[in-house]
Amino acid sequence: MEEEEQQWIEDRSDEEEDNEQPLGFDLFNTDKKDPVDEFKIEIGDETITLHGVRSRYPHLLQSTGMTLWEGSKNLCNYICENPSVVYGKTIVELGAGMGLCGMIAHKKGATKVILTDGDTDTLRNMRSNISSNVDEKAIAKEDVICKQLLWGKNIESFRSKWTDDGFDIVMGGDIAYAQSSLQILFETATGLLSNASTACFILSFCFRGGVSVGDIEEACQKFNLDFEKIGEGEKEAIYLIRRRL
Ligand SMILES: C[S@@+](CC[C@H](N)C(=O)[O-])C[C@H]1O[C@@H](n2cnc3c(N)ncnc32)[C@H](O)[C@@H]1O
């Protein structure tokens, strides 16, 4: 754990029930670490080597960010199909997990990408993924960095530390799944987003039982945001969310 990071365990109190058998470790013994392995993933024309858990039971992990979720894959595909969305942009990724989306945004020409997560084990694993896939020079120049960011905490200081006037893009895959954190997620995203009319919160939503597309759209109303929804369904969608002018 980096010196300034706080040990943190995600609140999963209102997640959907999962009655599947565990992977062979005790879910409630937080001293235990998630088992890790290494695998390759192809996204667009990029091949990325990931270190983490190739789990069929993601809800049973101690740290949900230790595996790859569908929301991140969908977000990466969206970025690869629309690279101009990230090209030349400053980006912060929330709940970045294994770091795949941030790395893809960097490879597609983002000028600076800060990958964030609350969980310290996830951050440690993310840093190892970055060093396996991102050019050393880009890491040395801090074009791609990993930082702890807990939603709803120290948002203003994070914004002023890393940007003059907020980020061009705030993004996240599979991060809107718990009612208990929807408000702080939107506070964080809007607090970090630049005031420019082009600034965009790209949210890759997957239905996990706790938060619906209706809840996302209601949160947009509440925070005075306009949205464009890519995808017709109730289960998965990419939301492009901007400040209402
Ligand atoms: C379902 S995982 C998604 C990970 C990754 N984006 C993906 O799609 O593969 C949710 C991620 O959000 C992080 N997270 C959840 N609540 C958070 C909070 N309040 N503050 C910071 N990170 C949080 C978790 O640690 C985890 O890495």
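Residues numbered from 1 in each chain as written. Predicted model: local features only at pLDDT ≥ 70, side-chain atom pairs only at ≥ 80, totals over all residues.

The name recorded for the chain in an unreviewed UniProt entry is Calmodulin-lysine N-methyltransferase, from Chaetoceros tenuissimus.

Chemist: Hey, could you run me through the site of the ligand in this one?
Modeler: Around the ligand sit 22 residues in total, of which Gly65, Ser72, Gly95, Gly97 and Gly118 are the nearest. Among the elements of the structure, α1 (70-81) and β6 (169-173) are those that each provide at least two residues to the shell around the ligand. Residues belonging to the shell around the ligand are distributed by class as follows: seven nonpolar, 11 polar and four charged. (Near = placed C-beta within 6 Å. Helix = DSSP H or I, 4+ residues; strand = E, 2+ residues; numbered from the N terminus. Nonpolar A, V, L, I, M, F, W, Y, C, P; charged D, E, K, R; others polar.)

Chemist: So what exactly am I meant to see when it comes to the packing of α1 against helix α2 (residues 100-107) here?
Modeler: Axis angle and axis distance: for two packed helices, these are the angle between their axes and the distance between the axes, and together they describe the pair. In the contact formed by α1 and α2, the axes pass within 9 Å of each other and the chain directions differ by 10°. Here α1 lies roughly parallel to α2, going by the angle between them. Of α2, the residues touching α1 (which contributes Ser72, Leu75, Cys76, Ile79 and Cys80) are Leu100, Cys101, Ile104 and Ala105. Looking at the contact of α1 with α2, its residues break down into eight nonpolar, one polar and no charged. (Axes fitted to C-alpha atoms, helices over the stretch in contact; angles between N-to-C directions. Parallel < 35°, antiparallel > 145°, perpendicular 65-115°, else oblique. Contact = placed C-beta atoms within 7 Å.)

Chemist: What is the right way to look at the pairing of strand β9 (residues 236-243) in this model?
Modeler: The side chains of a regular strand alternate between both faces of the sheet. Direction of pairing for strand β7 (residues 200-206) relative to β9: antiparallel, over a ladder of six bridges. In the sheet register, phenylalanine 201 faces β9, and the bridge partner there is isoleucine 241. Bridging between strand β8 (residues 225-230) and β9 involves six bridges; their strand directions are antiparallel. In the sheet register, lysine 229 faces β9, and the bridge partner there is tyrosine 239. (Pairing = 2+ DSSP bridges.)

Chemist: In this structure, what is going on with the confidence of the model for the chain? I would like to understand it.
Modeler: Low-pLDDT portions of the prediction should not be read for the details of their coordinates. When pLDDT is averaged along the chain, the result is 89; 86% of the residues meet or exceed 70. Confidence drops under pLDDT 50 across residues 13-29; counting only partners more than four residues distant or on other chains, this segment forms 26 contacts. (pLDDT = per-residue confidence, 0-100.)

Chemist: Teacher, can you tell me more about the sheet that holds β9 here?
Modeler: Either a parallel or an antiparallel arrangement is found when strands of a sheet pair, and the pairing is made through backbone hydrogen bonds. Spatially, seven strands are ordered β5-β4-β3-β6-β7-β9-β8 in an open sheet, and the strand pairing comes out mixed. Both edges of this open sheet fall to β5 (144-148) and β8, since each of them pairs with a single strand only. Across the sheet, the axes of successive neighbouring strands diverge by a mean angle of 20°, strand direction being ignored. Bridge count between strand β3 (residues 90-93) and β6: three bridges; the pairing is parallel. What sits directly across from isoleucine 91, in β6, is isoleucine 169.

Chemist: Hey, could you run me through unusual backbone geometry in this one?
Modeler: Most peptide bonds are trans, and most residues other than glycine sit at a negative phi. Unusually for a residue other than glycine, glutamate 142 sits at a positive phi of about 60°. Assignment of secondary structure puts glutamate 142 in the loop between α4 (136-140) and β5. For glutamate 142, a count of 11 C-beta atoms within 10 Å puts it in the exposed group. Positive phi values are uncommon outside glycine, yet aspartate 174 reaches one of about 55°. Mapped onto the secondary structure, aspartate 174 falls in the loop between β6 and α6 (179-192). With 24 C-beta atoms packed within 10 Å, aspartate 174 lands in the buried category. (Buried ≥ 20, exposed ≤ 12 C-beta atoms within 10 Å, placed from the backbone.)

Chemist: I keep staring at the nonpolar core and nothing clicks. Help me out?
Modeler: Within soluble globular proteins, side chains that are nonpolar generally end up buried alongside one another. Of all hydrophobic cores here, the largest spans 58 residues; its most connected members are Ile91, Leu100, Cys101, Val170 and Ala176. Those residues in contact with alanine 176 that sit more than four places away from it in its chain are Leu182, Leu185, Leu203, Phe205, Val211 and Ile216. (Core = buried A, V, L, I, M, F, W, Y, C linked by C-beta atoms within 7 Å.)

Chemist: How do you make sense of the environment of glycine 102 when you look at a structure like this?
Modeler: As for its placement among the helices and strands, glycine 102 is situated in helix α2. Residues glycine 102 and leucine 75, 27 residues apart in the sequence, show an inter-C-alpha distance of 10.0 Å. In this view, glycine 102 contacts Glu93, Ala96, Val113, Leu115 and Val144; residues no more than four positions away in its chain are not counted.

Chemist: So what exactly am I meant to see when it comes to the environment of valine 213 here?
Modeler: One can find valine 213 in helix α7 (residues 213-222). Valine 213 gets classed as partly exposed once you count the C-beta atoms within 10 Å, which come to 18. Sequence separation between valine 213 and glutamate 234 is 21 residues; the distance between their C-alpha atoms is 6.0 Å. Beyond its immediate chain neighbours, meaning those up to four positions away, valine 213 contacts Phe205, Glu234 and Ala237.

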